[in-house]
Amino acid sequence: MAMVGDRTKKKLTAVALQQFISNMTSLIDLEKEAEMSTSISSGASRNLDGAQKRGSTMLNLKCVDVQTGLMGKTLLEFQSTKGDVLPTHKFGTHGVVVLKLNKADSGSPALGQGVDYWLKPDSSITVAFDDIPDEGLNSPLHLEKVADELCN
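Note that the structure is predicted; figures quoted are calculated from it, not measured. (Residues numbered from 1 in each chain as written. Predicted model: local features only at pLDDT ≥ 70, side-chain atom pairs only at ≥ 80, totals over all residues. Heavy atoms only, no water.)

### A word on the overall build of the chain
Tallying secondary structure elements over the chain gives 2 helices and 6 strands in all. Each helix (α) and strand (β) of the chain, taken in turn from the N terminus, gives the series α-α-β-β-β-β-β-β. With 152 residues in all, the chain has 36% of them scored as buried. When contacts within the chain are restricted to residue pairs at least 6 apart in sequence, long-range pairs at least 24 apart make up 63% of them. Put simply, the chain shows about 9700 Å² of open surface, and 56% of that area lies on carbon and sulfur atoms. (Helix = DSSP H or I, 4+ residues; strand = E, 2+ residues; numbered from the N terminus. Buried < 20%, exposed > 50% of the residue type's maximum accessible area, 1.4 Å probe, protein only. Contact = heavy atoms within 4.5 Å. Areas by Shrake-Rupley, 256 points an atom, 1.4 Å probe, with all protein chains shown as cover.)

### Some points on the nonpolar core
Side chains that are nonpolar tend, in soluble globular proteins, to be buried together. Counting 15 residues, the largest nonpolar core has L76, F78, L99, I125, V127 and L143 as its most contacted members. Looking at this core, the elements that each hand over two or more residues are β1 (57-69), β2 (73-80), β3 (95-101), β5 (124-129) and β6 (141-148). (Core = buried A, V, L, I, M, F, W, Y, C linked by side-chain atoms within 4.5 Å.)

### Points about the side chain of H142
Note that H142 resides in strand β6. Classification of H142 by relative accessible area gives buried; the value is 0%. Polar side-chain contacts of H142 include one of 3.1 Å to the backbone oxygen of L101. (Polar contact = N/O pair within 3.5 Å; in protein donor to acceptor, adjacent residues only side chain to side chain.)

### Here's the deal with a nonpolar patch on the surface
A grouping of L17, F20, I21, M24, L27, I28 and L30 is seen on the molecular surface, where their side chains present a nonpolar patch of about 650 Å² in accessible area. Residue position: L27 is located in helix α1 (residues 2-43). Overall, L27 belongs to the partly exposed group, its relative accessible area being 46%. (Patch = residues over 30% accessible without salt bridge, like charges linked within 9 Å, V, L, I, M, F, W, Y side chains within 5 Å. Salt bridge = Lys/Arg side-chain N within 4 Å of Asp/Glu carboxyl O.)

### Points about unusual backbone geometry
Of note in the backbone geometry, H94 takes a positive phi value of approximately 75° without being a glycine. Residue placement: H94 occurs in the loop between β2 and β3. For D122, which is not glycine, the phi torsion reads 70° and is therefore positive. Looking at D122, the relative accessible area reads 51%, which means it is exposed.

### Description of the pairing of β2
Here is the key point about a regular strand: its side chains alternate between the two faces of the sheet. Burial within β2 is extensive, with 6 of its 8 residues counted as buried. As paired elements, β1 and β2 share 8 bridges and run antiparallel to each other. Counterpart to L61 in the pairing with β2 is S80. (Pairing = 2+ DSSP bridges.)

### Description of the pairing of β3
β3 sits mainly inside the fold: 6 of its 7 residues count as buried. Where β3 and strand β4 (residues 112-120) come together, 4 bridges link them in antiparallel fashion. When the sheet's bridge partners are listed, V97 is paired in β4 with G114.

### Things to note about the pattern of salt bridges
For the coordinates displayed, the defined rule picks out 3 salt bridges. Ionic pairing is found between D130 and K73, a salt bridge with its closest N-O pair at 2.4 Å. In this pair, D130 sits in the loop between β5 and β6 while K73 sits in strand β2, placing the two residues 57 residues apart along the sequence. In this structure K73 comes out as partly exposed when scored by relative accessible area, which is 30%.

### Topic: the environment of G136
With respect to the helices and strands, the residue G136 is situated in the loop between β5 and β6. For the pair G136 and K100, spaced 36 residues apart in sequence, the C-alpha to C-alpha distance is 8.6 Å. Sequence-distant contacts of G136, defined by excluding residues within four places in its chain, comprise L101 and L141.

Put into C-alpha cells, the structure is as follows:
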C-alpha cells in the first residue's frame, strides 16, 4: 500500500511543478514586456547625443548587409557612416534594440525591434529582426538599446 501512496505523491509533485513552471513563465513574460515598455517610453524623453555618450545609442549607422538566418529572422549588419569604427557603446549580444532613422527624435516610432546577434570588434554590429521595414534602410540610421534579453 505504501508504494501506491508514493506513486501518487510523485504524480502530484510533478503536476505541482509543471503548474509552477507554467505560472512563473507567464509572470516572467509579463515582467519582460513591462521592462521593455518602460525602457522604450523612458527612451522617448532622452537626448540622442547624451544617450550616445552614455553608450545606449549608436548614431550615424548604415545598413551594409542583409541576410536570412536564425529560424527565418533577417540579419542586418550595420557600420558607421563616419569611418570604419563604431562609436563607443555598451551594446552586447542578446540585447534588445530598436532601429530608427538617424534624424528621427527619440519619441518617434521605431522601424523595427531586434536582438543584437553579433558584434565585430569596433567595426560592425549585426541585429536579428523578425520583420524589417520596407523603407528606410538606405538612409542614415541609429540603434537604441532597449532592454537586456538576458535579464528577463
